[in-house]
Amino acid sequence: MALKPLPFDEALIRELTRTYPTPFYIYDERGIRNRARELSAAFAWCDGFREFFAVKATPNPHILHILHEEGCGADCSSLPELVLCERVGIRGEEIMFTSNDTPAREYVKAHQLGAILNLDDITHIDFVEELVGVPDLLSFRYNPGPLREGNRIIGRPEEAKYGLTREQLFEGYARLKRMGVQRFGLHTMVVSNELNADFFIETARMLFELAVELAERLEIRLEFVNLGGGIGIPYRPEEKPVDLRYVGSGVERLYGELIRPAGLHPLKVFMENGRVITGPFGYLVTQAIHEKHIYKDYVGVDACMANLMRPGMYGAYHHITVLGKEDAPHDTKVDVVGSLCENNDKFAVDRWLPKIERGDILVIHDVGAHGHAMGFQYNGKLRSAELLLREDGTVEQIRRAETLDDYFATLDFSPFQP
Ligand SMILES: *Cc1c(COP(=O)(O)O)cnc(C)c1O
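Residues numbered from 1 in each chain as written. Predicted model: local features only at pLDDT ≥ 70, side-chain atom pairs only at ≥ 80, totals over all residues. Heavy atoms only, no water.

### Details of the site of the ligand
Near the ligand lie 14 residues; those nearest to it are K56, G230, E272, R275 and H370. Backbone polar atom of G230 to an oxygen atom of the ligand: 2.8 Å apart, as the coordinates give it. Side-chain polar atom of H370 to an oxygen atom of the ligand: 2.7 Å apart, as the coordinates give it. Bound to the protein, the ligand loses 89% of the 380 Å² it would expose on its own. Among the residues forming the shell around the ligand, the class breakdown is 2 nonpolar, 7 polar and 5 charged. (Near = heavy atom within 4 Å. Polar contact = N/O pair within 3.5 Å; in protein donor to acceptor, adjacent residues only side chain to side chain. Areas by Shrake-Rupley, 256 points an atom, 1.4 Å probe, with all protein chains shown as cover. Nonpolar A, V, L, I, M, F, W, Y, C, P; charged D, E, K, R; others polar.)

So, in structure tokens, the structure goes:
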């Protein structure tokens, strides 16, 4: 049976449950810092390389602060995400605003903060100009359509709502130039949770070739290309992580082949990953509260899909460790379920696990990105606390659990008072 390592043991978790009732999320600061360093080391050859952490993956100021300390910027796509960055002290061109179907006030706020505006459509050129004038720097999101394969989560590029077509891209840059924009960027994001490292190198090739073509056809000199996010993580124990050094050196080789000979050096390379940075370093801790045997065998836990959507939404696999039973035979086949009145509220289906008893603590792995953030309150379920395991071994609460008052905060009960 495959094991996934944990940065904590059962004793620590039992101790924590005395202060913080399950379910809760816990993040591993050391893991996050090391991963951010690994990525920047892989691109150390590139002057000005920056990872803009995708805020939507883990929108917690303490996590953003840690990543900011590691040199990361932030990739935002909404007003609250922009304000989150502002309040953590992430400002100016440390913010990439990659939104789509963007409301006017969000562009205004992003521009106020000095963020890099990454436009999702050609019509947004005029939209932005009317709102904030002609920015000094603008970027476009490119959708290669049938020229590129996508993958399962994000879908095929020609079916995806994002970005400009190839023709629009050239038309768009020509317009920007006529309007007096001085600095240009180019972005794409074509996959999500992709484990094939070569895919990211091919994305770099696509953008480098466009950089060359833009220089030739329009005499536009790009300042950066943004390869997007989407680096996958090994959710299943038998999967292999993406070798970031391999990606970095593959992109470096293409830079040498395409960008330098065209006289386009220096060109900055950016990424905007979420999942690979925090995903493996977050854990959902939950307790078994029931077992049930009908046509199948079930273990009921105190977390539900309101705490973690991915299994219900994508059928995603999340590894589960039963604390203290790591070495026990995994000889019972169960569905691990939450309490939502939805039959897809299952963390695992037909999973071989050790025999689980009431009170056992289950750790659901790889939830550090797109985990807590996707939480919701359907069925009157409240979002859990988030804890941070510091590098010195101490634990801090970085978001409290929601309370009934939070749930009722947007409702007006005054007509019903006696
Ligand atoms: C979600 C998203 C990301 C981050 O994706 P990951 O799979 O978490 O790396 C980056 N850029 C954009 C535009 C996104 O929508």
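This is not the end of the story, as more comes after the structure.
### Details of the domain arrangement of the protein
Splitting the protein by domain gives domain 1 (10-25 + 279-408) and domain 2 (43-273). Look at where the C-alpha atoms of domain 1 and domain 2 centre, and you get two points 33 Å apart. Buried area between domain 1 and domain 2, both sides added, is near 1,400 Å², and the carbon and sulfur share of it is 58%. Summed over the shared surface of domain 1 and domain 2, the number is 0 salt bridges. (Domains from an automatic or database assignment. Buried area = accessible area lost by both parts, 1.4 Å probe. Salt bridge = Lys/Arg side-chain N within 4 Å of Asp/Glu carboxyl O.)

### Topic: the sheet that holds strand 8 (residues 222-226)
Within the closed barrel, the 8 strands sit side by side as 2-3-4-5-6-7-8-9. Their pairing is parallel. The sheet shows a mean angle of 25° between the axes of neighbouring strands, direction not considered. Pairing geometry for strand 7 (residues 183-188) and strand 8, over 4 bridges, is parallel. What sits directly across from F184, in strand 8, is L222. (Pairing = 2+ DSSP bridges. Helix = DSSP H or I, 4+ residues; strand = E, 2+ residues; numbered from the N terminus. Axes fitted to C-alpha atoms, helices over the stretch in contact; angles between N-to-C directions.)

### Regarding the environment of S249
Mapped onto the elements, S249 comes out in helix 9 (residues 244-259). On the basis of relative accessibility, which here comes to 38%, the residue S249 falls in the partly exposed class. Along the backbone, S249 and D101 are 148 residues apart, and their C-alpha atoms lie at a distance of 35 Å. (Buried < 20%, exposed > 50% of the residue type's maximum accessible area, 1.4 Å probe, protein only.)

### Quick look at unusual backbone geometry
Cis geometry is adopted by the peptide bond preceding P23, which originates at T22 and carries an omega value of 0°. Within the fold, P23 resides in the loop between helix 1 (10-19) and strand 1 (24-28). Looking along the chain, the bond that leaves H265 and enters P266 is cis, with omega of 5°. The residue P266 is located in the loop between helix 9 and strand 9 (268-271) in this model.

### Quick look at the pattern of salt bridges
Within this structure, the stated rule accounts for 30 salt bridges. We note a salt bridge from K346 to D335, for which the minimum N-O separation is 3.3 Å. One end of the pair, K346, is in strand 14 (residues 346-353); the other, D335, is in strand 13 (residues 332-337), with 11 residues separating them in the sequence. Taking the relative accessible area as the measure of exposure, D335 reaches 0% and is therefore buried. Shared partners join several salt bridges into a network, and the residues in it are E29, R33, R37, E69, E70, R390, E391 and E396.

### A short note on the state of the cysteines
Considering all chains together, one arrives at 0 disulfides under this definition. The thiol of C76 is not disulfide-bonded; the next cysteine sulfur, from C85, is found 3.5 Å away. The exposure class assigned to C85 is buried, which follows from its relative accessible area of 0%. (Disulfide = S-S within 2.5 Å.)

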